[in-house]
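Chains, contacts and geometry: an overview
The primary structure of each chain is shown beneath.
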Amino acid sequence: MKKYTHNEAMFILLLLTPRQFVSIRDIRDFTKIHCTSECFNINSRANNLRMNYKYDVPNETKKINGVSHSCYKINVTDEELKMIRKLYLERSSIPLYTDVQKELQPKQLTLI
């Protein structure tokens, strides 16, 4: 089984549940299975997806019994999700959000 980087694993998990918050615990459990090690620095991974790949990855913190619990989600449309999956499979790496947007733009025909 292929082992993913922490960025890839978090990205894949968020894409499996688009527009839905995923807890840090679930992200850590996923990385423990699909990476060579468990990811403890989830905030850095989310920030990397935001800053380097330009994805909208908001986080939310909830207090449960006085303890703060953070969650993350990725905001993409269904059309973007299909294109992200296509580009990821073609490139075997996380596509830039700007590349996804570019691919979804209507192609202009050039008249001869």
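Please refer to the structure higher up on the page.
Here's what I pulled together on the structure shown here.

What counts as what
- For every chain, the first residue of the written sequence is number 1, and numbering continues from 1 along that sequence.
- At least 70 in pLDDT is required for a residue's local features to be given in this predicted model, at least 80 for side-chain atom pairs to be given and counted, and no such filter applies to totals for whole chains, interfaces and linings, which use all residues.
- For the side-chain quantities, the full set of heavy atoms in the structure was used; hydrogens and water were omitted.
- The numbering of helices and of strands both runs from the N terminus, where a helix is a DSSP run of H or I of at least 4 residues and a strand a run of E of at least 2.
- Each helix should span, by expectation, one fewer than its residue count multiplied by 1.5 Å.
- Contacts: residue pairs with any heavy atoms within 4.5 Å of one another.
- Each residue gets one of three labels from its accessible area relative to the maximum for its type: buried under 20%, exposed over 50%, partly exposed in between, using a 1.4 Å probe on protein chains only.
- Here the arc refers to the directions that run from the helix axis out to each C-beta atom.
- Pairing of N or O atoms within 3.5 Å defines a polar contact, subject to two protein rules: one partner must be a possible hydrogen donor and the other a possible acceptor, and residues neighboring in sequence count only if both atoms are side-chain atoms.
- By this definition, two strands are paired if DSSP reports at least two bridges between them.
- Orientation is described by lines fitted to C-alpha atoms, with helices fitted over the stretch in contact, and by angles between N-to-C directions that extend from 0 to 180 degrees.
- Here is the rule for angles: anything less than 35 degrees is roughly parallel, anything more than 145 is roughly antiparallel, 65 through 115 is roughly perpendicular, and the remaining ranges are oblique.
- Handedness of a crossing follows from how the near helix is turned relative to the far one, being left-handed for an anticlockwise turn of less than a right angle and right-handed for a clockwise one.
- Between the rings of Phe, Tyr and Trp (Trp by its six-membered ring), a pair exists once the centres lie within 6.5 Å; its type follows the angle of the planes, with under 30 degrees stacked, over 60 edge-to-face, and the other angles tilted.

1. Some words on helix H4 (residues 78-91)
The terminal C-alpha atoms of H4, which comprises 14 residues, lie 20 Å apart, in line with the 20 Å expected from a rise of 1.5 Å per residue. Against helix H1 (6-16) and helix H5 (97-104) lie the buried residues of H4. Count one or two residues on from H4 and you reach Ser-92, which has phi positive near 55°.

2. Observations regarding H5
For H5, the complete set of buried residues consists of Tyr-97, Asp-99 and Val-100. Projected onto a plane normal to the axis of H5, the buried residues spread over an arc of 160° and lie on a single side. Tucked inside the fold, the buried residues of H5 contact H4.

3. Focus on the environment of Lys-54
The topology assignment puts Lys-54 in the loop between helix H3 (42-51) and strand S2 (59-64). Linking Lys-54 and Thr-98, residues 44 residues apart in sequence, is a C-alpha distance of 7.2 Å. Those residues in contact with Lys-54 that lie beyond four places of it in its chain are Leu-49 and Tyr-97. Reaching out from Lys-54, the side chain makes a polar contact with the backbone oxygen of Met-51 at a distance of 2.7 Å.

4. Regarding the pairing of S2
Pairing analysis gives six bridges linking S2 to strand S3 (residues 67-72), with the strands arranged antiparallel. Among the inter-strand pairings, Lys-63 is bridged to a residue of S3, identified as Ser-68.

5. A short note on the sheet that holds strand S1 (residues 22-23)
The three strands are arranged S1-S3-S2 in an open sheet whose pairing can be described as antiparallel. Lying at the two open borders of the sheet, with one neighbouring strand each, are S1 and S2. The pairing of S1 with S3 spans two bridges and is classified as antiparallel. Residue pairing for S3: Ser-23 is matched across the bridge by Cys-71.

6. A few points about the packing of H4 against H5
Relative placement of two packed helices is described by the angle separating their axes and the distance separating the axes. Between H4 and H5, the shortest axis-to-axis distance is 10 Å and the interhelical angle comes to 110°. The angle between H4 and H5 places the two elements in the roughly perpendicular class. In this structure, H4 meets H5 at a crossing whose hand is right-handed. Contacts between H4 and H5 pair Glu-79, Glu-80, Met-83, Ile-84, Leu-87 and Arg-91 from the former with Tyr-97, Asp-99, Val-100, Gln-101, Glu-103 and Leu-104 from the latter.

7. A closer look at the packing of aromatic side chains
Per the stated rule, a full pass over the model turns up two aromatic pairs. Ring centres 5.4 Å apart and planes at 65° place the aromatic pair Tyr-55 and Tyr-97 in the edge-to-face group. Of this pair, Tyr-55 sits in the loop between H3 and S2 while Tyr-97 sits in helix H5, placing them 42 residues apart in sequence. Joined through ring pairs, the aromatic side chains of Phe-11, Tyr-55 and Tyr-97 make up one cluster.

8. Focus: unusual backbone geometry
Phi angles above zero are rare outside glycine, and Arg-19 is one such case at about 65°. Position of Arg-19 relative to the elements: it lies in the loop between H1 and S1. Here Arg-19 falls in the partly exposed class, since its relative accessible area comes to 39%. Residues other than glycine seldom take positive phi values, yet Ser-92 does so here, at roughly 55°. By the secondary structure assignment, Ser-92 is in the loop between H4 and H5.

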